[in-house]
Amino acid sequence: MLQIKNLYVEVGGDLILEDINLSIDEGEVMILFGPNGSGKTTLIKTILGFEGYKIRRGEIIFKNKVINNLSTSERANLGLGIMFQHPPKIYGVKLLQIAEYLCKDKENIEKLAKNLSLKAHLSRDINIDFSGGEMKRSELFQVILQNPDLLLLDEPESGVDIENISIMCKVLNKFLSHRKKSALIITHTGYILDYIEAKKGCVMIEGKLWCVGEPRRIFNTIKERGYEKCKECVWSRRI
Amino acid sequence: MVKENLIKIDQEDKESIASSGFEFEESKRMATFFQQDDEPFLFHSLLEGVDILPMGELLNRFPQFYKLKGEAFKMLKKTLPEDINKGYFIRVKKNTVLELPIQACLFLKKANFKQKVHNLVVVEEGAKVYLITGCTASKSANEGFHLGISEFFIERGAYLNFTMIHSWKEDITVRPLSVALLEEGAHFVSNYVCLRPVKDIVMSPVAILKGEDAKASFNSLILGYKFSNQDIGSKAILRANKTQVEIVSRVVSLGGCITSRGYIKAEAKYVKGHLECRGLIINEKGRIYAVPELETEFRDVDLTHEAAIGKISKEEVEYLCARGMSFQEAQSIIVRGFMDVNILGLPSLLQQEIKNLEDKILNKGL
């Protein structure tokens with residue numbers, strides 16, 4: 001589904017990502033761990049081709065096609081979808097407008113809005129006066145309606161209470177249960193591991209990917225020893 | 001006047017006229033006035049509480065109101081540029097509350113024609129009315145000119161929501177002049193919508209709040225096309241205690257030059273005034289000049305302003321592109337959101353009509 005080969009990325013002239021190699025197969029969920037500022041969001045934004053994220057070297061291959069030079073909308077239309085960590089507020093643009101753009105089935109929109117407790121938000125300007133949890137639910141709502149083949153989730157659970165994490169993960173699991181859907185999930189807290197079945201995880205530190213393995217084991221190691229120790233201990237298994 | 005006059009209008013002109021908010025079926029209107037060049041084609045009211053007629057007939061029918069001509073301008077110590085006998089007179093009688101709006105349209109048909117109108121609107125004590133006035137030109141009206149003088153008399157406790165929709169074309173020059181006088185507790189909402197090209201327009205409608213507790217608001221939605229020059233402002237003079245005004249404008253330059261002015265003068269105590277101008281520049285060649293002005297000699301006043309101009313936020317565009325929209329689609333939906341018809345304070349039916357007009361124009365792309 002997604003292959004990243006030997007990727008170097010710069011932002012504002014500074015090299016942020018170095019020699020990234022990654023592959024996510026069809027139906028696979030990969031968890032990306034890493035401390036603040038390690039480059040996780042940069043990786044996701046580069047995959048989507050946002051302005052300012054310049055590929056110095058390497059390739060991003062999605063569905064067997066090199067997408068380095070495609071625009072963000074072309075990548076989205078090819079099957080990439082993102083749940084933003086900090087989505088912008090857009091005055092005058094209603095959540096329903098976006099929903100109707102993404103999905104022609106009104107019943108489906110209504111049903112999903114109900115499941116994610118967003119019915120009252122449909123007529124509101126997007127992200128204006130939304131709480132942290134509402135923003136996350138609205139992001140998930142949109143990306144599910146978009147129906148991408150590879151979901152890029154940037155800290156989907158941060159700022160969301162336990163009850164809402166469970167509601168969101170239920171929706172997410174249902175979507176991912178379709179065996180062809182894949183996801184790359186960035187997490188800080190690891191809470192999401194209690195709800196989502198993922199077989200592969202990796203750690204990003206200082207713009208490099210350091211290891212790959214079973215996500216719960218990686219997360220336990222991080223919890224016990226911190227990211228620095230994690231880096232030392234798995235040095236030999238560098239991907 | 002017979003409705004046949006309107007039936008004769010060809011389809012292309014009908015579309016221009018409809019783009020200025022005019023409803024030919026009149027199913028959602030209480031009264032109608034239509035003038036082509038300097039000829040009143042149609043005027044009638046479905047309600048006894050509303051008089052609507054051409055200015056040319058005012059002296060004979062209601063001499064007492066004819067005397068009001070020019071009175072509002074005198075309050076500004078200004079005399080009118082010309083004595084004009086075209087345009088409309090509308091009177092909404094005491095305590096008449098209209099569920100549906102009154103509509104008026106001033107249409108330019110002939111080439112090189114100078115249309116000059118003087119409109120008088122009297123909203124009597126306790127009455128409430130929405131008035132939608134469309135000004136537009138036929139394709140044939142090359143190098144046209146429109147001078148529109150309007151005077152509004154809003155009596156004690158009355159409410160007037162006046163929405164003016166300009167739907168011109170690249171070679172039309174427009175000079176509207178208007179003054180509204182507000183008595184005690186009167187409420188005046190003046191909306192201005194201009195979404196089509198125009199050659200040159202200079203206007204700065206004035207509201208004089210001379211009765212205590214009177215309220216006014218001016219809202220403008222302006223799209224500036226390449227080669228258009230729009231110098232548009234709103235002025236409020238708070239002449240009585242406890243009066244309030246709010247001036248809000250949203251302007252988008254697609255390459256045109258827009259000057260967005262706002263002026264509030266507090267001449268009494270305990271008054272409140274707020275000015276807000278927001279502008280977006282889409283095309284590199286566009287220009288927006290925001291001029292907010294506040295003036296007073298009193299201490300017990302609350303006057304504020306905010307102005308912000310800039311380009312469309314990159315994050316907003318990327319956000320929508322990540323949902324699959326093209327750059328153009330994303331830009332267009334953001335501009336449509338920015339030009340928010342909710343600021344016009346219209347009843348839902350009329351608001352939807354204006355939104356549909358806006359969608360029709362903006363959906364064609366910027």
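These lines cover the structure that appears in this document, whether it is placed above or below. As the structure is a computational prediction, the values presented were derived from the model and not from experiment.

We now examine the packing of helix α7 (residues 327-338) of chain B against helix α8 (residues 348-362) of chain B. Residues and elements named next belong to chain B. The contact between α7 and α8 brings their axes to 11 Å, and the two run at 155 degrees. With respect to their mutual orientation, α7 and α8 come out roughly antiparallel. For the crossing formed where α7 meets α8, the hand is right-handed. In contact with Ser332, Val335 and Arg336 of α7, α8 contributes Glu358, Asp359 and Leu362. Its residues placed into classes, the contact of α7 with α8 shows two nonpolar, one polar and three charged.

Turning to the interface of chain B and chain A, a few remarks are in order. Interface size is commonly expressed as the accessible area that is lost once the parts come together. Counting residues at the interface gives 18 residues for chain B and 21 residues for chain A. Where the side of chain B that touches chain A is concerned, the elements lending two or more residues are α6 (314-321) and α7 of chain B. Ranked by residue count, the leading element in the side of chain B that touches chain A is α6 of chain B, at six residues. A per-class count over the side of chain B that touches chain A returns seven nonpolar, four polar and seven charged.

Adjacent strands of a sheet form backbone hydrogen bonds with each other and so pair up, either parallel or antiparallel. Residues and elements named next belong to chain A. With antiparallel pairing, four strands are arranged side by side in an open sheet as β2-β1-β4-β5. For this open sheet the edge positions go to β2 (14-24) and β5 (65-66), each flanked by a neighbour on one side alone. Bridge analysis of strand β1 (residues 2-11) against β2 gives seven bridges, and the strand direction is antiparallel. Among the inter-strand pairings, Gln3 is bridged to a residue of β2, identified as Ser23.

As a further point, take the sheet that holds strand β9 (residues 150-154) of chain A. Residues and elements named next belong to chain A. If you trace the six strands from one edge of the open sheet to the other, you get β6-β9-β10-β3-β11-β12, paired in mixed fashion. A single partner strand is all that each edge strand has here, and the edge strands are β6 (80-83) and β12 (208-213). On average, each strand axis in the sheet is inclined to that of its neighbour by 20 degrees, with strand direction left out of account. With four bridges joining them, strand β3 (residues 29-33) and strand β11 (residues 200-205) adopt parallel strand pairing. The partner of Leu32 across the bridge, within β11, is Cys202. Where helix α5 (residues 132-146) meets the sheet, it contacts β6 and β9, and its direction lies at approximately 170 degrees from that of β6.

What counts as what
- Along each chain, residues carry numbers from 1 onward, in the same order as the chain's sequence is written.
- Here the convention is simple: chains get letters from A, ligands get numbers from 1, in the order in which they are written.
- Given that the model is predicted, a residue must reach a pLDDT of at least 70 before its local features are reported, and side-chain atom pairs must reach 80 or more before they are shown or counted; all residues, however, enter totals for whole chains, interfaces and linings.
- Here an axis means a line fitted to C-alpha atoms, over the contact stretch when the element is a helix, while the angle between two N-to-C directions is reported on a 0 to 180 degree scale.
- Note on conventions: DSSP H or I runs of at least 4 residues are helices, E runs of at least 2 residues are strands, and numbering of each starts at the N terminus.
- Convention used here: angles under 35 degrees read as roughly parallel, angles over 145 as roughly antiparallel, angles from 65 to 115 as roughly perpendicular, and any remaining angle as oblique.
- Should the near helix be turned counterclockwise from the far one by less than a right angle, the crossing is left-handed, whereas a clockwise turn marks it as right-handed.
- Contacts here follow a simple rule: the backbone-placed C-beta atoms of the two residues must lie within 7 Å.
- Residue classes follow a fixed rule: Ala, Val, Leu, Ile, Met, Phe, Trp, Tyr, Cys and Pro count as nonpolar, while Asp, Glu, Lys and Arg count as charged, and any other residue, Gly among them, counts as polar.
- Paired strands, as defined in this entry, are two strands with at least two bridges between them according to DSSP.

Worth remembering: the numbers are spatial, not functional.
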